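Observations on the model geometry
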Amino acid sequence: MRGLLFFSFVLLAFSAAGAAVAATPVIVASKIDTEGALLGNMIVAALEARGIPVTSKLQLGPTNILRAAILAGQIDLYPEYTGNGALFFHREGDPAWKDAAKGYALVKRLDLEKNHLVWLAPAPANNTWVIAVRKDIPGLDGRWCLEDLARYVNGGGRIRLAASAEFVESPAALPAFEKTYGFRLRADQLLTLSGGNTAATLRAAAEKLSGVNAAMAYGTDGAITALGLVALCDDKGAQIVYAPAPVVRSAVLQEYPAIADALDLIFATLTLETLQRLNAKIAVEGAQPEAVARTYLAERHLLP
């Protein structure tokens, strides 16, 4: 009897150890900004709803911290942007980054081959540099694109853009827009701010501070629509495409393959307008990121 009891105990202990290994938590992190918190909370909610154990390290830090952590295996999953592949792999001059599909395919292939990281399906949105304008600028009520702005500026229209020094001076920012669309803003058409806070530039345009009627921004900034501004579309690809997408360590995805289906379903719904609206609830209205994320997923029936 004692031998039988001992054998039963060993089996029980072995089963418990196996269960513990199978239940290894997925360490989910996110960047420190508003959208990072929003997307990170969506990922946590999606995994928990499917019974996948999660350790949350949301709003862990900026891009370099998150990238180093996932490469070191300190975190397992976080939302990143496809365009950052240009930085990660030192291929800034590759034209693929200016095409959403090509940029995604390139970073997906490179990260899998070199780092065993899997890029899941990206959202149909672009969080790159944009120029946002007031809706009362004459002649810009059509498609609201940079071609229209160029035509307006070249025709002598009144424009004053609030932007950071980086945006004004960096070849990848305003100069790229000007070169691609064939316009040039004079010094008196710029209000250059020392910081890079888009909340300040967007507020200046919304309130016509110092004659400002246009502002630098990021594509999914929540304040754009909340302040009644419009982000001009970049049809000619002056900017790199930064589509948000979950990045996960391949070993973790093999252990929990349901992660892919769950997050692909969610990210497919995150259009530019949707992210602007959800980011605004956090940045403008003061709602908590977790509440905004879970309410959205519930309303869209994206949780099992």
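Just so we're clear, the structure is a prediction, and the values are computed from it rather than from any experiment.

Note that Arg67 resides in helix H3 (residues 63-71). Leaving out residues up to four positions away in the same chain, Arg67 has contacts with Tyr78, Phe88, Phe89, Asp111, Asn115 and Leu117.

Take the sheet that holds strand S6 (residues 161-164) next. Spatially, S7-S6-S8-S5-S9 is the arrangement adopted by the five strands of the open sheet, whose pairing is mixed. With one partner strand each, in any of the chains shown, strand S7 (190-193) and strand S9 (229-231) form the two edges of the open sheet. Neighbouring strand axes in the sheet, compared pairwise and without regard to direction, differ in orientation by 35° on average. Where strand S5 (residues 129-134) and strand S8 (residues 214-218) come together, five bridges link them in antiparallel fashion. Counterpart to Val133 in the pairing with S8 is Ala214. Each of S5, S6 and S7 is contacted by helix H8 (residues 174-181), which is oriented at about 75° to S5, the strand it contacts most. Here helix H9 (residues 198-206) sits on the sheet in contact with S5, S6, S7, S8 and S9, set at roughly 150° to S8.

Counted under the stated rule, the structure contains one disulfide. Covalently, Cys145 is tied to Cys233 through a disulfide, its sulfur atoms 1.6 Å apart. Judged by the sign of its S-S torsion, about 90°, the cystine formed by Cys145 and Cys233 is right-handed. Here Cys233 lies in the loop between S9 and strand S10 (244-249) and Cys145 lies in the loop between S5 and helix H6 (146-154), a separation of 88 residues in the sequence. The class of Cys233 is partly exposed, set by a relative accessible area of 23%.

It is at 10 Å that the axes of helix H2 (residues 34-49) and helix H12 (residues 258-267) come closest, and there the two elements cross at 135°. One finds that H2 runs oblique with respect to H12. Note on packing geometry: the crossing formed by H2 with H12 is right-handed. When H2 is examined against H12, the residues Leu39, Met42, Ile43, Ala46 and Leu47 are found in contact with a partner set consisting of Ile259, Leu263, Ile266 and Phe267. Its residues placed into classes, the contact of H2 with H12 shows nine nonpolar, no polar and no charged.

Quick look at unusual backbone geometry now. The backbone of His116 sits at a positive phi, close to 55°, despite the residue not being glycine. Topologically, His116 is positioned in the loop between helix H5 (100-115) and strand S4 (117-119). Residue His301 is not a glycine yet carries a positive backbone phi of 55°. Topologically, His301 is positioned in the segment after helix H14 (289-299). Of the residues examined, His301 reaches a relative accessible area of 69% and is grouped as exposed.

On to the side chain of Asp111. Position of Asp111 relative to the elements: it lies in helix H5. Side-chain polar atoms of Asp111 contact the side chain of Arg67, separated by 2.8 Å. Within the structure, the side chain of Asp111 is placed 2.8 Å from the side chain of Trp119, a separation counted as a polar contact. Once residues lying within four places of it in the same chain are set aside, the contact partners of Asp111 are Arg67, Phe89, His116, Leu117 and Trp119.

Attention now moves to the packing of aromatic side chains. The tally for this structure, following the rule as stated, stands at three aromatic pairs. Between the aromatic rings of Trp129 and Tyr218, the centroid separation amounts to 4.9 Å while the plane-to-plane angle is 20°, which identifies the pairing as stacked. Remark: Tyr218 occurs in strand S8 and Trp129 occurs in strand S5; sequence separation between them is 89 residues. Its relative accessible area of 14% is what places Trp129 among the buried residues. What makes Tyr218 partly exposed here is its relative accessible area of 30%. The rings of Trp129, Phe167, Phe177 and Tyr218 are connected pair by pair, giving a single aromatic cluster. One cation-aromatic arrangement involves Arg67 over Phe88; the distance from NZ or CZ to the ring centre is 4.1 Å.

Buried residues of H6: Leu146, Asp148, Leu149, Ala150, Tyr152 and Val153, and no others. Contact partners of the buried residues in H6: S5 and H8. Two residues or fewer after H6 comes Gly156, characterised by a positive phi angle close to 90°.

What counts as what
- Residues numbered from 1 in each chain as written.
- Predicted model: local features only at pLDDT ≥ 70, side-chain atom pairs only at ≥ 80, totals over all residues.
- Heavy atoms only, no water.
- Helix = DSSP H or I, 4+ residues; strand = E, 2+ residues; numbered from the N terminus.
- Contact = heavy atoms within 4.5 Å.
- Pairing = 2+ DSSP bridges.
- Axes fitted to C-alpha atoms, helices over the stretch in contact; angles between N-to-C directions.
- Disulfide = S-S within 2.5 Å.
- Buried < 20%, exposed > 50% of the residue type's maximum accessible area, 1.4 Å probe, protein only.
- Parallel < 35°, antiparallel > 145°, perpendicular 65-115°, else oblique.
- Left-handed = near helix turned anticlockwise from the far one by under 90°.
- Nonpolar A, V, L, I, M, F, W, Y, C, P; charged D, E, K, R; others polar.
- Polar contact = N/O pair within 3.5 Å; in protein donor to acceptor, adjacent residues only side chain to side chain.
- Phe/Tyr/Trp six-rings, centres within 6.5 Å; stacked < 30°, edge-to-face > 60°.
- Lys NZ or Arg CZ within 6 Å of the ring centre and 35° of its normal.

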